[in-house]
Every structure is written in structure tokens, then in C-alpha cells.
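# Close look at the chain arrangement
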Amino acid sequence: MRFITIQGPTASGKTALALKLAHALDTEIISADSRQVYRYMDIGTAKPTKQETQGIRHYLIDVVDPDESYSAGRFAEEAGAIVRRLNDEGKLPIVAGGTGFYIRALQNGLFESPDVDMALRIRLMAEAERDIEKVYQRLTEVDPKSAERIHRNDAKRVVRALEIFEQTGISMSEHWRRQQEENSCRSFDILILPEREALYERIDKRFNLMMNNGLLDEVKRLIEMGYKPDDPGMNAVGYRELVDWLENGGEIDAAIALAKQKSRNYAKRQTTWYRSVEFDLTLRDADINIYSVAEAAQEKLAT
RNA sequence: GGCGGGAUAGCUCAGUUGGUAGAGCAGAGGCCUGAAAAGCCUUGUGUCCCCAGUUCAAGUCUGGGUCCUGCCA
């Protein structure tokens, strides 16, 4: 597999850069965004509009409904299939998006595992909520290596590790050990990382734009369609805060301020993630000579 | 004008029978193998509104100010 990745915190300008690069390379774009996969959530997830895509084909946008769950595993599988197909057509696809975990899953692969058993997960999660210590204790018995790595309060990961053991009879750490490196993957990785102050300003401005573009109506429509605040897709920055305001009232300005704040928190987490990722090119902003980037990518990925 | 309530970390507030202060959020740093826009960890010295008094000792008691705020006029 060969592809280009464009990564960066929210509102850094990934979409714009991806589009320019796609034109320059005559290729297509695969979105790596855990919220753009959801239908009907367009404004708040900053999906590119029809006008913006300008005929560039986009993948993995609008693939599930807000009450369905999506996953890194599914992304790795679906994106991988698209990359391989485009490679066969002689194209160098662009994987662009802010969900670093999805991109890592595509690049490094995940260990083999059965589909999530939702009933099991819900049961374990309920137990963890009642007594996390007890659930964590079980993990230390079943998979001490994972228990050492996972913090006792991190219920999601404690439960996930137990899930794996209960479903397969094999510990998560053992799955890791057996996981084979899938080194057939080569990518040219670009990071857009604005100065923090500039980024925070962009986040605030962009949220104002979303509000002007009808984000509140979008949220209302989702509720009218019957989607609930705790549906997988609805658990998204901006949506949560507006849903909460619609249900509980209060000052709309406070809800907006909170949504912006949550966006900044999110951007900070993304930035931390990127520190442990190696990139071929790091940009302050998306405003660069696209042809030199295209050339560098082709050069690195030429066989 | 009268009668109450309040003034403590950037914000919202705790502070027991007086022993110079602590939570949540924010901020900063970090983790991350099928929920990842999620979840989790670490990090809290600030004229305790001001002045005077009581006391070995006052955020904590007393008196006087100042400023908010609720009700009645």
C-alpha cells in the first residue's frame, strides 16, 4: 500500500491542503475522521461541501447513521481496500483527517480480533461503573501485562482488554505478541501544526461560522430524526453542547463558549498524539507550494 | 430607605468547635492496538474585599467601611 497522509489538529486546514494536493496529483481522498463517517452531521464535522470537493472523489464520508458505531478496525479494513484499489489504478491516494488512531490502525495494523460483542461490553462496563477496582483486579489476574500498561481508572481500556480475553480466551498482550508486522505499507506523512494561539483563534472563528451556517438547525434535525445524545455519532464536540442547551436551556452563548473550549481541548489531545508520530513534512499552515510537496511525496513513494 | 445573603485560585464554589486553605472546571504536560471529536493520568502560594479590635493564634469571632445580591418599600 502506498498513500499520502495529511494530519493535524482540528481546524488546521487539512481539507484545503488535501484538495489542492489531490488536484496536483490527480488522485482521490480518503477521509480519516471518526465523525465525518456519520450521515446528517455535516456542518459540525466540517465535511467538505460539494462545491469544495470540486469533483475530487471522497471516501469514508457518510457511511453510517448516527446511531451506528464505527471503529478503527473497520476503518483500517475499508480504507485499506480503497487504497489498494486506487494503487492498482496507478493512483497515490490521500488519507486526510484528524483521527490519528484510525491512520495508525491503517498503517500499522491491529491484532486479529472478533467483532465487538456489544452485550458483553455493556455488561462489563456496567460492572466497572459499579466497582472498577474489582474489574481491574480481574484483569491483573487474566492479563497482568496489559493491567500494568492500562491505568485502573481507564474503564474503557480495562473493559476492552477483558473483552478480548473473554471472547478469544487469549490475553490482549498475547495478541499483541502474535500480531505480525504488516510492513507492506508506505506513506508520505504530512502534519499541519499551527502555533497554538493561532490555532485556538481559528477554532473559535470556525465555530462561529458553523453557527452562522446553521449548525443549530442541523442539531435540531438530528433530534427530530430520533437520534439520542448518547448515540455514537452524537458524542461529538459541538453537537453535545448544543443538544444539552436545547434540552436544558440556559444561555446559548455559554453553550457556544463551551463548545469552543471542548474543541480546544480536543486539539490539544491531537497535538500530543502527533508528538509521538514521525512525519516527513511538518507545516505551520496549509499555505505552501503544493507542487514541491507533491514531488517530494512521489519521490519517496516511487518504487 | 428597611430586613436578609454574600465577598476565598482565571471561573463556580467548600472550608468542620479560631491553629496562615481545598474541590470541580479552565490552563499546562502526558497516555492511547476495533467507542478515539471518546476515555484516562499528572499538575493548585492565592492581598482568603479593606481597616481596627479580641486572642499566643482570625478566612473563621467583634465593630466600622466598600462593593455585589435577594425580598419589602
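Read on for a plain summary of the structure. (Residues numbered from 1 in each chain as written. Chains lettered and ligands numbered in written order. Predicted model: local features only at pLDDT ≥ 70, side-chain atom pairs only at ≥ 80, totals over all residues. Heavy atoms only, no water.)

### What about the overall build of chain A?
The helix and strand inventory of chain A stands at 14 helices and six strands. Its C-alpha radius of gyration of 20 Å places chain A within 12% of the 19 Å reference for a compact globule of 303 residues. Across its three principal axes, chain A shows a C-alpha extent of roughly 55 × 55 × 35 Å. The buried share among the 303 residues of chain A stands at 45%. A separation threshold of at least 6 residues defines the contact pool for chain A, and within that pool the share at least 24 residues apart is 77%. (Helix = DSSP H or I, 4+ residues; strand = E, 2+ residues; numbered from the N terminus. Rg over C-alpha atoms; globule rule 2.2 N^0.38 Å. Buried < 20%, exposed > 50% of the residue type's maximum accessible area, 1.4 Å probe, protein only. Contact = heavy atoms within 4.5 Å.)

### Some words on the packing of aromatic side chains
Tallied over the full model, the rule gives five aromatic pairs. Residues Y70 and Y102 carry aromatic rings whose centres are separated by 6.1 Å and whose planes lie at 50° to one another, so their mutual orientation is tilted. A residue pair is termed long-range when its members are at least 10 positions apart, and Y70 in the loop between strand 3 (58-59) and helix 3 (72-88) and Y102 in helix 4 (residues 100-108) qualify at 32 residues. The same class applies to Y70 and to Y102, which are both buried. With centroids separated by 6.5 Å and ring planes inclined at 75°, the aromatic side chains of F101 and W273 adopt a geometry described as edge-to-face. Remark: W273 occurs in helix 13 (residues 252-275) and F101 occurs in helix 4; sequence separation between them is 172 residues. Given the relative accessible area of 45%, F101 is considered partly exposed. (Phe/Tyr/Trp six-rings, centres within 6.5 Å; stacked < 30°, edge-to-face > 60°.)

### What about helix 4?
Regarding helix 4, the residues found buried are G100, Y102, I103, A105, L106 and Q107. Of the residues flanking the end of helix 4, it is G109, one or two places downstream, whose phi is positive at about 75°.

### With respect to the protein's contact with RNA strand B
Neighbouring residues of RNA strand B: 44 residues in total, closest S34, R149, K156, R269 and R275. Looking at RNA strand B alone, sugar and phosphate atoms form 60% of those within 4 Å of the protein. At 3.3 Å from a sugar or linking oxygen of RNA strand B is found a side-chain nitrogen or oxygen belonging to R35. Here a phosphate oxygen of RNA strand B and a side-chain polar atom of N153 are 2.8 Å apart. Of all elements in the fold, only helix 3, helix 4, helix 5 (118-130), helix 8 (155-168), helix 9 (172-178), helix 10 (196-212) and helix 13 reach the threshold of two or more residues within the surface near RNA strand B. Looking at the surface near RNA strand B element by element, the count peaks at eight residues for helix 13. Of the residues assigned to the surface near RNA strand B, the class counts are 15 nonpolar, 16 polar and 13 charged. (Near = heavy atom within 4 Å. Polar contact = N/O pair within 3.5 Å; in protein donor to acceptor, adjacent residues only side chain to side chain. Nonpolar A, V, L, I, M, F, W, Y, C, P; charged D, E, K, R; others polar.)

### Concerning the side chain of N87
Looking at where N87 falls in the secondary structure, it is placed in helix 3. Non-local contacts of N87, meaning those with residues more than four positions away in its chain, are made with M1, R2, L92 and P93.

### Observations regarding the sheet that holds strand 2 (residues 29-31)
Paired through backbone hydrogen bonds, the strands of a sheet run either parallel or antiparallel to each other. One open sheet accounts for six strands, arranged 3-2-4-1-5-6; its pairing is parallel. The two strands at the open ends of the sheet, each matched to only one other strand, are strand 3 and strand 6 (281-283). Contacting strand 1 (2-7), strand 5 (186-192) and strand 6, helix 14 (residues 290-301) crosses the sheet at an angle of about 150° to strand 5. (Pairing = 2+ DSSP bridges. Axes fitted to C-alpha atoms, helices over the stretch in contact; angles between N-to-C directions.)

### Thoughts on the pairing of strand 1
In terms of burial, strand 1 is largely enclosed, as five of its six residues are buried. In terms of strand pairing, strand 1 meets strand 5 through six bridges, oriented parallel. Looking at strand 5, one finds that I6 is bridged to I190.

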